[in-house]
Amino acid sequence: MGRNTDIIHSVPVDELTGAIAVPVYQTSTFVQEAPGVHKGYDYARSNNPTRTALEKIVAQMEGGHGAFAFATGLAAIDAIAKLLSSGDEIVAVDDIYGGAYRLFTHIYQKFGIKVHYVDTTDAENVLDYINEKTKLIWIESPTNPTLKITDIRRISEIAKPFGALVVVDNTFASPVAQQPFTLGADIIIHSATKYIGGHSDLVAGLVVTKTAELSEKLKFIQNSSGGILGPWDCFLVIRGIETIELRVRRQSENAQKVAEYLATRPEIDKVYYPGLPTHKNHEIAKSQQHGIFGGVISFSLKDDTVEAASQFVTSTKYFKLAESLGGMKSLICHPAQMTHASIPREKRLHSGIQDSLIRLSAGIEDAEDLIKDIESALSKVKTQARN
Ligand SMILES: *Cc1c(COP(=O)(O)O)cnc(C)c1O
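Every chain begins its residue count from 1, and numbering advances along the sequence as written. Reporting in this predicted model follows two pLDDT cut-offs: at least 70 for local features of residues, and 80 or more for side-chain atom pairs to be given and counted; totals over whole chains, interfaces and linings ignore these cut-offs and use all residues. As a rule here, side-chain values come from all non-hydrogen atoms in the structure, and water together with hydrogens is ignored.

Topic: the packing of aromatic side chains
Just so we agree on the cut-off: Planes of paired rings set the category: under 30 degrees apart is stacked, over 60 is edge-to-face and the rest tilted, where pairs are Phe, Tyr or Trp rings (Trp by its six-membered ring) whose centres lie within 6.5 Å. Strands here are runs of E lasting at least two residues and helices are runs of H or I lasting at least four, both read from the DSSP assignment and numbered beginning at the N terminus. The rule is simple: take the accessible area with a 1.4 Å probe, protein chains only, and divide by the maximum for that residue type; under 20% is buried, over 50% is exposed, in between is partly exposed.
Going through the model one piece at a time under the given rule, you end up with seven aromatic pairs. Taking the centre distance of 5.2 Å and the plane angle of 80° together, the rings of phenylalanine 104 and tryptophan 138 count as edge-to-face. Placement of phenylalanine 104 in helix H4 (residues 98-108) and of tryptophan 138 in strand E4 (residues 134-140) is noted, with a sequence separation of 34 residues between them. Per residue, the accessibility class of phenylalanine 104 equals that of tryptophan 138, and both read buried.

Digging into the site of the ligand
To keep it simple, the criterion reads: Nearness is judged by heavy atoms alone; a residue qualifies as near a molecule or strand once a single heavy atom is within 4 Å of it. Definition of a polar contact: a pair of N or O atoms within 3.5 Å, with one able to donate and the other able to accept a hydrogen when the atoms are protein atoms, and with sequence-neighbouring residues admitted only if both atoms are side-chain atoms.
In the vicinity of the ligand, 13 residues are found, and the nearest of them are Gly73, Asp169, Ser191, Thr193 and Lys194. Take serine 191: an N or O atom from its side chain is 2.9 Å from an oxygen atom of the ligand. For the shell around the ligand, the element with the highest residue contribution is helix H3 (residues 73-81), accounting for three residues.

Considerations on unusual backbone geometry
Omega for the bond connecting serine 141 with proline 142 falls within 30 degrees of zero, at -5°, which places this linkage in the cis form. One can find proline 142 in the loop between E4 and helix H5 (152-159). Residues asparagine 144 and proline 145 are joined by a peptide bond in cis, for which omega reads -5°. Within the element layout of this structure, proline 145 appears in the loop between E4 and H5. We note that histidine 290 has phi near 50°; this positive angle belongs to a residue other than glycine. Here histidine 290 lies in the loop between helix H10 (282-288) and strand E9 (296-301). At serine 324, a residue that is not glycine, the phi angle is positive and equals roughly 80°. Residue position: serine 324 is located in the loop between strand E10 (320-321) and strand E11 (331-333).

Quick notes on the pairing of E9
Successive side chains on a regular strand alternate, one facing one side of the sheet and the next facing the other. Keep this limit in mind: Between any two strands, at least two bridges found by DSSP are needed for them to pair.
Of all six residues in E9, six are buried, a share of seventy percent or more. The sheet contact formed by strand E8 (residues 268-272) and E9 spans three bridges and is antiparallel. By the bridge assignment, isoleucine 268 is partnered in E9 with leucine 301. Alignment of E9 against strand E12 (residues 358-361), held across four bridges, turns out to be antiparallel. Bridge assignment links valine 296 to a residue of E12, and that residue is serine 361.

Re the domain arrangement of the protein chain
Selection rule: Note: domain ranges come from an automatic or database domain assignment. Two residues qualify as a contact provided that any one of their heavy atoms is within 4.5 Å of a heavy atom in the partner residue. Note: buried area is the sum, over both parts, of the accessible area (probe 1.4 Å) each one loses when the two are combined. For this document, the term salt bridge refers to a Lys or Arg side-chain nitrogen within 4 Å of an Asp or Glu carboxyl oxygen. Note on residue categories: nonpolar means Ala, Val, Leu, Ile, Met, Phe, Trp, Tyr, Cys or Pro, charged means Asp, Glu, Lys or Arg, and polar means any other residue, Gly included.
When cut into domains, the protein chain gives domain 1 (3-241) and domain 2 (245-386). Facing the 35 residues of domain 1 at the interface are 34 residues of domain 2. Summed over the three residues of domain 1 that lose the most area to domain 2, namely Ile149, Val176 and Tyr195, the buried surface amounts to 24% of that side. Joining domain 1 to domain 2, the criterion identifies one salt bridge. The partner of glutamate 245 in a salt bridge is arginine 3, with the nearest N and O atoms 3.1 Å apart. Taken together, the links from domain 1 to domain 2 amount to 18 residue pairs in polar contact (both at pLDDT 80 or more). Sorting the residues of the side of domain 1 that touches domain 2 by element identifies helix H1 (3-10), H5, helix H6 (174-177) and helix H8 (231-242) as the ones contributing at least two each. Its residues assigned to classes, the side of domain 1 that touches domain 2 comprises 14 nonpolar, 15 polar and six charged.

Let's talk about the environment of histidine 290
Between the alpha carbons of histidine 290 and histidine 116 there is a distance of 30 Å; along the sequence they are 174 residues apart. When neighbours within four sequence positions are excluded, histidine 290 is seen to be in contact with Ala177, Gln179 and Ala285. Looking at histidine 290, its side chain comes within polar contact range of the side chain of glutamine 179, at 3.0 Å.

What to know about the sheet that holds strand E2 (residues 89-93)
Counted only if it meets this: Fitted lines through C-alpha atoms serve as axes, helices being fitted only where they are in contact, and the angles separating the N-to-C directions of these axes extend from 0 to 180 degrees.
One open sheet holds the seven strands; their spatial order is E1-E7-E6-E5-E4-E2-E3, and the pairing between them is mixed. With one partner strand each, in any of the chains shown, strand E1 (66-70) and strand E3 (114-118) form the two edges of the open sheet. With direction set aside, neighbouring strand axes in the sheet form an average angle of 20°. The pairing of E2 with E3 spans five bridges and is parallel.

Dropping the structure here:
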């Protein structure tokens, strides 16, 4: 069976009524015949049929044993951190999502969990930090916003002898481009707010586990901590998954064309896109992402100023100025003033986030229109510079 057929037909037909769409079970509780005698559902924090349907679809899509839906991506990350005990250590990619950094550093460090942030674009760097206390190796590939790539296969090889679990935040690649379990990962997380939801109309998170043992632990944490996704949002995420292959392929094609265009322009300093042969880890990205490089591109301007970037991001028509990514409509963002504003400038520069760095999330519009939009914004930045 092909992957599209597999995804579409993983969405179950309702056994009770034949409904082809998954029903929204908007209920808090379930009537029991006798105490403890019920149809598998007793209380909606523990289990809800709409959520169960979503979780099964996601487990199948990522090739895992189980999946767990949470209210946000960060709630999903939080659930994984709860696998740890005081004294345990995490080795994490140094370009980690800002929210995960805040959670690990400002909440979990307080409970005695140590985090080492490492440049994993050279996987061997992990060997300097991994030890018998390391319980998780936390990878994002590609990273936000400079699209750094980590060799997940090599990281998994390094982790094994130490018994550390490899967690991949697969948000940027999406399940269409990258299947981390086939590369040796143990746990996958997603901010389903991005490509999986795909319509910029919800926030949600997913954890996918490779083994029954991990599923049991995550199920316990999900029920104990309670940060579940509500039934209506579960329905919307399922609806998003039905078209994910089409959307992500189109978004990646658009992004590739936009990145190639940007690379030819004299006003542009650097272009960050794993689909360009000039990208540091292009070959690794090509092999572990099946040649689908995702919809996010970042670039900096020769006029490396906040002012030039501000002029640019307020000059586009189709790229809407907003945080987030992965939706059908193209978005544009200026990390220094938006997503990464809380990081001190020195630290930002160290991670390659120049003052003029701009992040694009390609939508599913026509590539020619997106390119024209960028061309027009570039001409405004030039005019501004002359004045
Ligand atoms: C957005 C995002 C998150 C957090 O997800 P929320 O749904 O916003 O809580 C985590 N990781 C990555 C890579 C993200 O882009």
